[in-house]
Amino acid sequence: MKLLRRRTTVSLDERLDALAEAADLADGRLAPVAVAGARSVVARAGVRRSLSVDHTAVALAGATGSGKSSLFNLLSGTTLATVGVTRPTTSAAQAALWEGAGAGPLLDWLEVSRRHEVDAGASDDAVTGGWASGEVPGLVLLDLPDHDSIEVAHRLEVDRLVELVDLLVWVLDPQKYADAAVHDRYLRPLSRHRDVTVVVLNQIDRLSPAAVERCLADLRRLLDDDGLAGVPLVAVSARTGEGVDELRSLLASRVANRRSWAARLAADVGTASDALALASNGAGLHDGESVMAGTDLYAAGSSPGPGPGPGPGPGSGPGSRTGPGSRTGSGSGLGGGPAFGVVRDAGASAMGPIEVAAPPEVSLDGLAGPLTSALSEAAGVPVVVAAVAGSHRHRSVAATGWPPTRWIRRLRPDPLRRLRLGLPAPAATRGAAGSATPEDGGPVGRTSIPATSAVQRSRMDTAVRETAGTASEGLPEPWAAAVRQAARVRADELEDGLDRAVATTSLGVSGRPAWWRVAGLAQWLVLLVALSGALWLLGLIAMDYLRLPRPYLPTVGELPWPTLLLLGGVLLGLVTALLCRVAAWLGGRRRARRASRALRASVGQVAREFVLDPVGEELTRYRRFAEVIAVARGASR
């Protein structure tokens with residue numbers, strides 16, 4: 001019976017660990033900006049978790065003239081934020097704290113120096129409302145500069161804090177709520193931050209109730225298009241106080257939950273993971289722009305540039321709404337890159353999750369055969385195998401040939417010694433560098449195998465490319481490129497490695513077969529027989545010359561024994577030599593086959609070490625990346 005295991009949600013710690021590992025695995029393979037962004041998120045999460053988790057940093061962000069400073073005063077019950085006609089009125093972020101003991105390190109990290117502790121009954125007479133001290137303990141309310149300010153420093157301050165705070169409240173107004181600057185630059189990249197995002201439509205007192213409903217419906221549609229379906233949308237008027245109680249209640253519940261910081265970090269991890277997944281697919285990332293939450297906005301090389309600010313009044317300027325449902329203004333004057341930008345291109349989270357391709361099933365053993373064959377040819381293995389067979393025949397003839405003609409064979413060079421392979425060097429040269437071989441345990445120098453030809457080198461390069469191409473088939477392009485690069489990473493060492501492999505392979509040719517001694521002894525015995533017959537005949541000739549009585553001469557039939565011994569010895573020696581040559585040819589083939597297997601095994605080791613192992617490491621790296629990126633993106637397991 002198969003037991004069903006309950007799928008558990010991945011914890012934030014596990015997701016952060018997985019993101020850190022994914023960044024390490026992607027380093028040098030994917031876009032540097034995505035890797036840097038992931039590491040930035042991990043580092044920032046470590047810092048934020050070490051700070052007060054009893055305090056929630058809530059930021060009011062918005063465009064020039066949206067009324068966020070007025071709303072800040074109304075919510076805090078103070079007149080901390082300057083409200084006026086001259087804009088921008090907010091030059092630096094400021095904070096209002098409720099029961100802010102212990103929030104100092106958090107605000108230091110946020111680099112907010114302007115702080116105000118809100119005490120019970122401390123609301124100014126000029127402003128009604130505001131939370132009392134005990135209503136929202138732990139709330140740190142921030143008033144940010146305008147995100148479309150004409151001051152570059154103001155925009156950079158907004159971009160920095162938008163990436164750090166726990167809860168974001170975007171304050172829009174009826175005139176510019178469809179501004180592309182805020183939607184494309186901020187809201188759309190926040191699609192994973194739905195749990196820590198609130199959208200406020202301010203200044204509804206300027207519209208009729210019917211117009212308010214139309215604006216809210218259109219804004220909801222735009223938010224849905226941005227991937228922010230379900231994000232709270234509150235209509236308020238900072239001037240009349242309409243809708244402010246609903247906003248207070250919403251923020252109070254988020255602060256009381258004390259989990260906004262964790263939800264923010266989880267969203268950042270998901271966004272950074274999406275950026276790595278998008279970079280893994282080879283789309284949507286550029287070195288010149290910051291494309292993920294958690295990166296320093298212009299760390300990738302982009303820089304804010306001056307540009308036209310919003311128009312001087314309602315209905316004008318690049319940020320104005322020109323018609324129902326339209327999204328106006330490119331935001332090109334707002335800086336060099338998007339503040340988050342994880343899903344600007346294909347694969348936006350509003351359109352669905354960015355999938356990471358499943359790792360292909362590749363057998364490196366299956367790739368080894370064709371690669372080894374090509375490298376064997378380039379290494380001169382066929383030449384060495386032929387030399388092994390030739391060397392065996394050469395030495396066999398020298399050991400078993402007819403003694404009177406053996407010296408002729410010794411004048412010929414041994415094929416293997418000519419290649420400086422497999423045989424001990426002569427005693428006179430044994431001490432020379434590189435002259436010893438693996439058989440005698442000495443150092444090994446370069447061989448004298450003919451240099452790799454251009455055709456062989458081309459075949460070798462083609463085999464390496466085909467191996468990398470087959471191994472990387474089905475991988476996303478950045479990872480496929482990494483596999484191809486890994487296959488070529490030691491290309492410059494490949495020829496030397498092959499030469500060393502051939503030089504250090506034991507070819508099994510140094511031993512002398514036992515039958516050589518038997519055949520050699522037989523040849524000497526046959527030679528003695530022939531010599532005895534020749535000497536006998538010479539003795540008979542000498543006796544005839546001296547007119548001595550001829551001794552008894554035994555015969556075999558009509559053939560005298562001396563003649564039989566001479567002719568039989570010569571004929572038997574030649575036949576033995578011929579048979580030994582046949583045996584040497586067969587033995588040479590056998591030794592050549594063994595040498596071929598040994599050489600191919602050595603070349604196969606080189607192929608694995610120089611090509612297949614680096615390729616396998618990249619494939620393993622991608623498989624692990626696919627696993628941990630799924631965990632970092634919050635996949636259940």
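For clarity, every value in this text was computed on a predicted model and none was experimentally measured.

Engineer: So what exactly am I meant to see when it comes to the pairing of strand S2 (residues 94–98) here?
Structural biologist: A regular strand carries its side chains on alternate faces of the sheet. Of all the five residues making up S2, five are buried; the element is thus mostly covered by neighbouring parts of the structure. Across five bridges, S2 lies against strand S3 (residues 114–118) in parallel orientation. Residue pairing in the sheet places Leu97 in a bridge with Glu117 of S3. Note on the crossover from S2 through helix H4 (residues 104–110) to S3: the handedness is right-handed. As paired elements, S2 and strand S4 (residues 139–143) share four bridges and run antiparallel to each other. Within S4, the residue paired with Leu97 across the bridge is Val140.

Engineer: Which parts of the structure should I look at to understand helix H14 (residues 454–471)?
Structural biologist: Because the α-helix completes a turn every 3.6 residues, residues three or four places apart line up on one side. The end-to-end C-alpha distance of H14 is 26 Å, a good match for the 26 Å that 18 residues give at a rise of 1.5 Å each. Met460, Ala463, Val464, Thr467, Ala468 and Ala471 are the residues of H14 that are buried. The arc enclosing the buried residues of H14, seen along the axis, measures out at 130°, which places them on a common side. In H14, those exposed residues whose orientation departs by more than 90 degrees from the buried face are Ala454, Val455, Arg465 and Glu466. Taken together, the buried residues of H14 touch helix H10 (364–378), helix H15 (477–488), helix H16 (491–504) and helix H18 (561–632).

Engineer: Explain the packing of aromatic side chains here, please?
Structural biologist: Centre distance and the angle of the planes are the two values used to describe a pair of aromatic rings. As enumerated under the stated definition, the model contains five aromatic pairs in all. Relative to Tyr186, the ring of Trp170 has its centre 5.1 Å away and its plane inclined at 40°; by these criteria the two rings are tilted. Of this pair, Trp170 sits in strand S5 (residues 167–172) while Tyr186 sits in helix H6 (residues 180–187), placing them 16 residues apart in sequence. By the burial criterion, Trp170 is buried, and Tyr186 matches it.

Engineer: Quick question: what am I supposed to make of helix H5 (residues 152–162) here?
Structural biologist: The set of residues buried in H5 consists of His154, Arg155, Glu157, Val158, Asp159, Leu161 and Val162. In this structure, the buried residues of H5 make contact with H4, S5, H6 and helix H9 (260–280).

Engineer: Which parts of the structure should I look at to understand the sheet that holds strand S7 (residues 233–235)?
Structural biologist: Strand pairs in the sheet, formed through backbone hydrogen bonds, run parallel or antiparallel to each other. On the basis of which strands lie adjacent, the open sheet formed by seven strands has the order S3-S2-S4-S1-S5-S6-S7 and mixed pairing. A single partner strand is all that each edge strand has here, and the edge strands are S3 and S7. Strand-to-strand twist in this sheet, taken as the mean axis angle between neighbours without regard to direction, amounts to 20°.

Engineer: In this structure, what is going on with the pattern of salt bridges? I would like to understand it.
Structural biologist: Oppositely charged side chains may form a pair once their charged atoms are brought near each other. Summed over the entire model, instances satisfying the criterion amount to 30 salt bridges. For Glu377, the salt bridge goes to Arg459, with nearest N and O atoms at 2.5 Å. Of this pair, Glu377 sits in helix H10 while Arg459 is found in helix H14, placing the two residues 82 residues apart along the sequence. On the basis of relative accessible area, Glu377 is assigned to the partly exposed category, the value being 28%.

Engineer: Would you mind showing me how to read the nonpolar core here?
Structural biologist: A general trend in soluble globular proteins is that nonpolar side chains are found buried together. Ranked by internal contacts, the top residues of the largest apolar core, which has 77 residues, are Leu276 and Phe625. Counting residues per element, this core draws most heavily on H18, which supplies 17 residues. The residues touching Leu276, leaving out its near neighbours within four places in the chain, are Leu19, Ala22, Ala23, Ala26, Leu30, Ala34, Val35, Ala38, Phe625 and Ile629. By size, the runner-up hydrophobic cluster in this structure holds 43 residues, among which are Ala57, Leu144, Val182 and Val212.

Engineer: Would you mind going over the packing of helix H2 (residues 32–50) against H9 with me for this structure?
Structural biologist: To characterise two packed helices, one gives the angle between the axes of the helices and the distance between these axes. Closest axis-to-axis distance for the H2/H9 pair is 9 Å, and the angle between their directions is 165°. With respect to H9, the element H2 is oriented roughly antiparallel. You can see that H2 and H9 cross each other, and the crossing is left-handed. Each of Ala34, Val35, Ala38, Val41, Arg44, Ala45, Arg48 and Arg49 in H2 lies in contact with H9, whose residues at this interface are Trp261, Leu265, Asp268, Val269, Ala272, Ala275, Leu276 and Ala279. Class assignment for the residues of the contact of H2 with H9 results in twelve nonpolar, no polar and four charged.

Rules behind the numbers
Residues numbered from 1 in each chain as written. Predicted model: local features only at pLDDT ≥ 70, side-chain atom pairs only at ≥ 80, totals over all residues. Heavy atoms only, no water. Buried < 20%, exposed > 50% of the residue type's maximum accessible area, 1.4 Å probe, protein only. Helix = DSSP H or I, 4+ residues; strand = E, 2+ residues; numbered from the N terminus. Pairing = 2+ DSSP bridges. Right-handed = clockwise from strand over helix to strand, strands pointing away. Expected span 1.5 Å × (residues − 1). Arc of directions from axis to C-beta. Contact = heavy atoms within 4.5 Å. Phe/Tyr/Trp six-rings, centres within 6.5 Å; stacked < 30°, edge-to-face > 60°. Axes fitted to C-alpha atoms, helices over the stretch in contact; angles between N-to-C directions. Salt bridge = Lys/Arg side-chain N within 4 Å of Asp/Glu carboxyl O. Core = buried A, V, L, I, M, F, W, Y, C linked by side-chain atoms within 4.5 Å. Parallel < 35°, antiparallel > 145°, perpendicular 65-115°, else oblique. Left-handed = near helix turned anticlockwise from the far one by under 90°. Nonpolar A, V, L, I, M, F, W, Y, C, P; charged D, E, K, R; others polar.

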